[in-house]
Amino acid sequence: MSKTMKIWFIIATFLVVFGFIIFVVVMAVYDFFDLGFTKFSTMKYGTNTYEVNEAFDKISINVETTQIEFVPSGDESCRIVCFETEKMKHSATVQNKTLIIDMIDNRKWYDYIGISIGSPKMTVYLPQNEYASLFIDTHTGDIAIPKDFTFETLKINGNTADVECLASVLNGIEIKLSTGNIKMDGVSANEIRLASTTGKININSVSSKGNIEIETTTGAVHLTDVACIDFSAKSNTGTIVLKNVVASNCFFIENKIGDVRFENSDAAQISVKTSTGDVTGTLLSEKVFITETSTGTIRVPKTITGGKCEITTSTGNIKIDTK
């Protein structure tokens, strides 16, 4: 390194250190350690409460970035408490026995220029435990539905929102996201349809009187302690793991690069197709195995009784045991 370059390097290092010192001093002046960066936000947040006095049995929510949480109200009243900005507030009305919650965006073009530090949040206090339907359309706001509630139908559309559902649904559950994660625990439903492009899907202690259908692109799929009639899953690169999962009819699984793993799981009939993904694990009963692979290793029991278990891969290994 030349002498000139060394001098410029020393000067640059000094400026970086000096700038960091100035930054720390400014943060101290603005009570950074107590308030964080909120004083620098150009969007002002406040908490508003919306009272709902009319009866309803259906809920429809359409928001952008608002986090949504449902809580039992503890009395016969319904209220929605929102942490929101001055120009992006929410509204709550009842039409045809449906509680409709929308976002009212009064921003001008110049309001998009600035610093926004904070996240809108909505807490919905519900007076009843059972409702006919819940529909939510959001983009990036996370959603939490506790086990205190039961719905006849539940449908959620989102982009990068994470969804945690602990509530049971009498009929169907349909959740469709882009990059958000889906978590279900202790849920029962007639039909369950879940889709997330890159998000993870975790299902624990779930029972379905019908089918469970899951579709991802790169997101991993994990099921534990699940019972249903039919189970189907499609993925490209996400790992699919079934632990203590039993389907009275069939498993139908397609995965290109991702692995498929069974842990003490079973179905009357099983069909698995992968490209380079391995298919491994343990089934609970004997099967008639029909296997095919181009270059992978095959190791399955030589049983001649039980339902059909057809596994096809291109280069993936097939290694299955039975109890």
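Keep in mind it's a predicted model, so treat the numbers as computed, not measured. (Residues numbered from 1 in each chain as written. Predicted model: local features only at pLDDT ≥ 70, side-chain atom pairs only at ≥ 80, totals over all residues. Heavy atoms only, no water.)

Colleague: So what's going on with unusual backbone geometry? Residues and values would help.
Modeller: Positive phi is not limited to glycine here, since Ser 205 has a value of about 50°. Along the chain, Ser 205 turns up in strand 17 (residues 201-208). Exposure remark for Ser 205: the relative accessible area of 39% places this residue in the partly exposed category. The phi dihedral of Asn 264 falls on the positive side, at around 55°, and the residue is not glycine. Relative to the helices and strands, Asn 264 is located in strand 21 (residues 260-274). (Helix = DSSP H or I, 4+ residues; strand = E, 2+ residues; numbered from the N terminus. Buried < 20%, exposed > 50% of the residue type's maximum accessible area, 1.4 Å probe, protein only.)

Colleague: Quick one: what's the story with the side chain of Ser 235, residue by residue and with numbers?
Modeller: Summarising the element assignment, Ser 235 is placed in strand 19 (residues 221-235). For Ser 235, a relative accessible area of 5% puts it in the buried group. A polar contact is formed between the side chain of Ser 235 and the side chain of Thr 216, at a distance of 3.0 Å. When near neighbours in sequence (up to four residues on either side) are disregarded, Ser 235 contacts Thr 216, Thr 217, Gly 219, Ile 240, Glu 254, Asn 255 and Lys 256. (Polar contact = N/O pair within 3.5 Å; in protein donor to acceptor, adjacent residues only side chain to side chain. Contact = heavy atoms within 4.5 Å.)

Colleague: So what's going on with the packing of aromatic side chains? Which residues, and what values?
Modeller: Centre distance and the angle of the planes are the two values used to describe a pair of aromatic rings. According to the stated counting rule, one finds six aromatic pairs in the structure shown. Their ring planes at 40° and their centres at 6.5 Å tell us that Phe 149 and Phe 151 sit as a pair that is tilted. Like Phe 151, Phe 149 is buried. A network of ring pairs unites the aromatic residues Phe 56, Tyr 131, Phe 149 and Phe 151 as a single cluster. The cationic tip of Arg 79 hangs over the ring face of Tyr 125; the distance from NZ or CZ to the ring centre is 4.2 Å. (Phe/Tyr/Trp six-rings, centres within 6.5 Å; stacked < 30°, edge-to-face > 60°. Lys NZ or Arg CZ within 6 Å of the ring centre and 35° of its normal.)

Colleague: Pulling in residues and values, what's your account of the environment of Thr 303?
Modeller: On the secondary structure map, Thr 303 appears in the loop between strand 24 (298-299) and strand 25 (307-312). Within the structure, Thr 303 has its side chain in polar contact with the backbone oxygen of Lys 287 (distance 2.4 Å).

Colleague: Break down the pairing of strand 18 (residues 211-216) for me, citing the residues and quoting the values.
Modeller: Burial along strand 18 is one-sided: Ile 212, Ile 214 and Thr 216 are buried, while Asn 211, Glu 213 and Glu 215, pointing the other way, are not. Where strand 16 (residues 191-196) lies against strand 18, five bridges are found, and the strand directions are parallel. Following the sheet pairing, Ile 192 is matched in strand 18 by Ile 212. Note: strand 18 against strand 19, five bridges, orientation parallel. Counterpart to Ile 214 in the pairing with strand 19 is Ala 233. (Pairing = 2+ DSSP bridges.)

Colleague: Give a description of the pairing of strand 14 (residues 182-185) that names residues and reports values.
Modeller: Residues of strand 14 alternate between two faces, with Ile 182 and Met 184 buried on one and Lys 183 and Asp 185 left unburied on the opposite face. Taken together, the three bridges between strand 11 (residues 163-165) and strand 14 define a ladder with parallel strand orientation. Residue pairing in the sheet places Cys 165 in a bridge with Met 184 of strand 14. Pairing analysis gives four bridges linking strand 14 to strand 17, with the strands arranged parallel. Following the sheet pairing, Met 184 is matched in strand 17 by Ile 203.

Colleague: Tell me what's going on with the side chain of Thr 313, and back it up with residues and numbers.
Modeller: Relative to the assigned elements, Thr 313 resides in the loop between strand 25 and strand 26 (318-322). For Thr 313, the side chain forms a polar contact with the side chain of Thr 293, separated by 2.8 Å. Within polar-contact distance, the side chain of Thr 313 engages the backbone oxygen of Gly 316 at 2.8 Å. In this structure Thr 313 touches Thr 274, Ser 275, Gly 277, Val 279, Glu 292, Thr 293, Ser 294 and Ile 318, once residues within four positions along its chain are discounted.

Colleague: Go over the nonpolar core with me, naming the residues and quoting the values.
Modeller: Counting residues in each nonpolar core, the largest one holds 68 residues, and the members touching the most others are Phe 70, Leu 154, Ile 173, Leu 194, Ile 214, Phe 231 and Phe 262. Each residue touching Leu 154, except ones within four places of it in the same chain, is listed here: Leu 134, Ile 145, Cys 165, Val 169, Gly 172, Ile 173, Glu 174 and Ile 175. (Core = buried A, V, L, I, M, F, W, Y, C linked by side-chain atoms within 4.5 Å.)

Colleague: Go over the pattern of salt bridges with me, naming the residues and quoting the values.
Modeller: Applying the stated criterion across every chain, the model contains seven salt bridges. Here Glu 213 makes a salt bridge to Arg 193, at a shortest N to O gap of 3.5 Å. Taken together, the residues span a long stretch of sequence, with Glu 213 in strand 18 and Arg 193 in strand 16 at a distance of 20 residues. Since its relative accessible area comes to 31%, Glu 213 is described here as partly exposed. (Salt bridge = Lys/Arg side-chain N within 4 Å of Asp/Glu carboxyl O.)

Colleague: Go over the confidence of the model for the protein with me, naming the residues and quoting the values.
Modeller: For the protein, the mean per-residue pLDDT works out to 87, and 83% of the residues sit at or above 70. Taken as a whole, residues 29-41 scores under 50 in pLDDT and shows 18 contacts with residues more than four places along the chain or in a different chain. (pLDDT = per-residue confidence, 0-100.)

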